[in-house]
Amino acid sequence: MDALSNSLAAADIAHVVHPVTNLRAHETNGPLVMARGEGIRVYDDRGKEYIEGLAGLWSVGVGFSEKRLADAAYQQMLKLPYYHTFTSKSNEPSIRLAEKLAEMTPEPLTRAFFTSSGSEANDTIVKMVWYRSNAMGKPEKKKFLARTKAYHGITIASGSLTGLPTNHRDFDLPAIPVRHLTCPHFYRFGMEGESEAEFTARLLRELEDVIAQEGAETIAAFIGEPLMAAGGVMPPPAGYWEGVERICRANDILLVSDEVICGFGRLGTPFGCQKYGFTPDIMTLSKQITSSYMPLAAVMLSEAVYAPIADNSARLGVFGHGFTASGHPVATAVALENIAIIEERDLMGNAARLEQPFQAGLRSFADHPLVGEVRGAGLIGALELVADKATKRPFEKAGRAGQIAAAIGHEEGLIFRSIVDQLALCPPMIVTEEDVGEIMTRMGRTLERLTGAVAAEGLA
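Caption draft 1: Focus on helix α12 (residues 303-316). In a regular helix each residue adds 1.5 Å, so 14 residues correspond to 20 Å; α12 covers 20 Å between its end C-alpha atoms and thus fits that length. Within the sequence span of α12, burial applies to V305, P308, I309, N312 and S313. End-on, the buried residues of α12 take up no more than an arc of 140°, which puts them together on one face. Of the exposed residues in α12, the ones pointing more than 90 degrees away from its buried face are A304, D311, A314 and R315. Elements in contact with the buried residues of α12: α6 (118-135), β8 (254-258), β9 (282-285) and β10 (297-302). G317 occupies a position one or two residues after α12 and carries a positive phi of about 100°.

Spelled out as C-alpha cells, the structure:
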C-alpha cells in the first residue's frame, strides 16, 4: 500500500465500491485503471495496450473515442443540456429517437419509454405488465417466466428475473413471483443420449407443464435474451424460440425479448429476435443504443400492450412511473448519432460478414485439452473450460481457471470476460478480419499458458 499512496489506485481502494467484485480481495489487489481508448483498444494508466475483447461490457459497438458521439453530446449540451419528460414535457432528441426505434424494431413495436439502464428498463417492464393486468381486470395475472442462467438486470425486480445464484444469494431474491425454467443450453443441460431436437422438445414440454401447474391466468409474461450472454454465451437450440412464441400466444402470455446485448446488430441482424425467428410484444434495449457513451435504455411496446396502460392512466389521472433522466436529451442525441454510425458504416453487415471468421477462429481452439465447448453467434462467442473433455466434468474449484485465464489474458493484451470458467468475447462491431486474427492469436497464447498454470495449481 505504501507504493500506492497518493495514487489513483490508492484512492480507488479507499473510496470506490466496485460492482461484481470481491471487495476484500480488491482492497489487496487494487484496480486496473484505464486511461484512454481508441477504436477496439484501451490503454491503462501505465500505457499498456489491450484489445477490448468484450467491448467494455458487451456494449461499445462503434469503438472507443468516436469523435462524432463526443460532438453530438457537446452540441446538445450547448443547446439543451437537460430536460425531463414528465407531465407531457419533451425534447427533440428523445422524440426523434423514439420515432427511429419504432422504425427499426419489428413491426408491432411502436412506443418507447426511456430509462438509463437495462436493469431499470426490465424493472419498468415488470411494473408496466402488472399495471396492465390490473387495468384489464386480471389482478391475478402477475407471474413471470424466465430461465436459469438468464441475466436481466440487478435491481430488485430485474434481479429477480435474472437466473444466476450469485445475483440472488443474500440479497433475498427473487422478490417477485417468477418461475425459472431450464436453461436452453444443450451441452450442459441435455440428457445422456438425448438429441438436440429432443432437448428442445423437452424444454417446450416443461414450459407447457409449468403453465398448466401455475395456471395461464396467473402468468403475465415470458422474458428471455435471444442469445443468453452474461450467463455464459448460450445460443438457443433449433426450434426453441418458435416453440416458446407459439406456447405463449396460445396461453395469452406476453413475450419479452431482452435485447440489451443482442440488439443493434451484434448477431448480424438488427435484433436477436430476428436472428431466431420470433416476434416479441415488448423489447428491452440498452448498451449498444449509445455504445455506452451515455447511460440510456428503452422499453419498446406494441400498441396492444400500450393501450390498456394508457387507458388506465386516464382512469387514474396519471401513469405514476418515471425517472429524472427518462428521455434525457444528451443521451438520446448520442443514441441517434450512434445509430447513424452503425447504419452508415454497415456495422450490422460487418457483424454478419465476420461471423464466419470469428466463430471459426474460436472453433480452432476446440481440440485444446481444457476447452469443453466452443459456442456463439455473430460477434459473440465463448470457450467453456473443463477439467475433463470426455465427461464434460467442470473444475472442482469453480471459477478459478477462469480467473487465471483472465489474468493471463491481461498480460497478453486481451480483455475478455471470465464467466465462472467460460471465456466470453464480444468485440466492438468495428473489428476487421485482421483484428479478429489478432484476437485469436492473443487468445491462443493465453490458452497455451493456461495449461501450465492450471496444472501448477492442481486444478486439472
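So, next bit.
Caption draft 2: Structural detail: the pattern of salt bridges. By the definition in use, this model includes 28 salt bridges. Where K143 meets E214, a salt bridge forms, and the shortest distance between an N and an O atom there is 2.5 Å. Highlighted residues: K143 in strand β5 (residues 143-147) and E214 in helix α9 (residues 196-214), separated in sequence by 71 residues. Residue classification places E214 among the partly exposed positions, given a relative accessible area of 21%. The partner of E245 in a salt bridge is R249, with the nearest N and O atoms 3.4 Å apart. Of this pair, E245 and R249 both sit in helix α10 (residues 240-250), four residues apart, roughly one helical turn. Assessed through its relative accessible area of 39%, R249 is described here as partly exposed.

Caption draft 3: Inspection of the nonpolar core at higher detail. Counting residues in hydrophobic clusters, the biggest one holds 95 residues, and the most contacted among them are W58, L101, F222 and L385. Leaving out residues up to four positions away in the same chain, W58 has contacts with A229, A230, V233, I261, K287, Q288, I380, R417, I419, A424 and C426. With 24 residues, the next largest nonpolar core counts M128, A146, V178 and A220 among its residues.

Conventions used here
Residues numbered from 1 in each chain as written. Predicted model: local features only at pLDDT ≥ 70, side-chain atom pairs only at ≥ 80, totals over all residues. Heavy atoms only, no water. Helix = DSSP H or I, 4+ residues; strand = E, 2+ residues; numbered from the N terminus. Expected span 1.5 Å × (residues − 1). Buried < 20%, exposed > 50% of the residue type's maximum accessible area, 1.4 Å probe, protein only. Arc of directions from axis to C-beta. Contact = heavy atoms within 4.5 Å. Salt bridge = Lys/Arg side-chain N within 4 Å of Asp/Glu carboxyl O. Core = buried A, V, L, I, M, F, W, Y, C linked by side-chain atoms within 4.5 Å.

The analysis is restricted to geometry; functional conclusions fall outside its scope.
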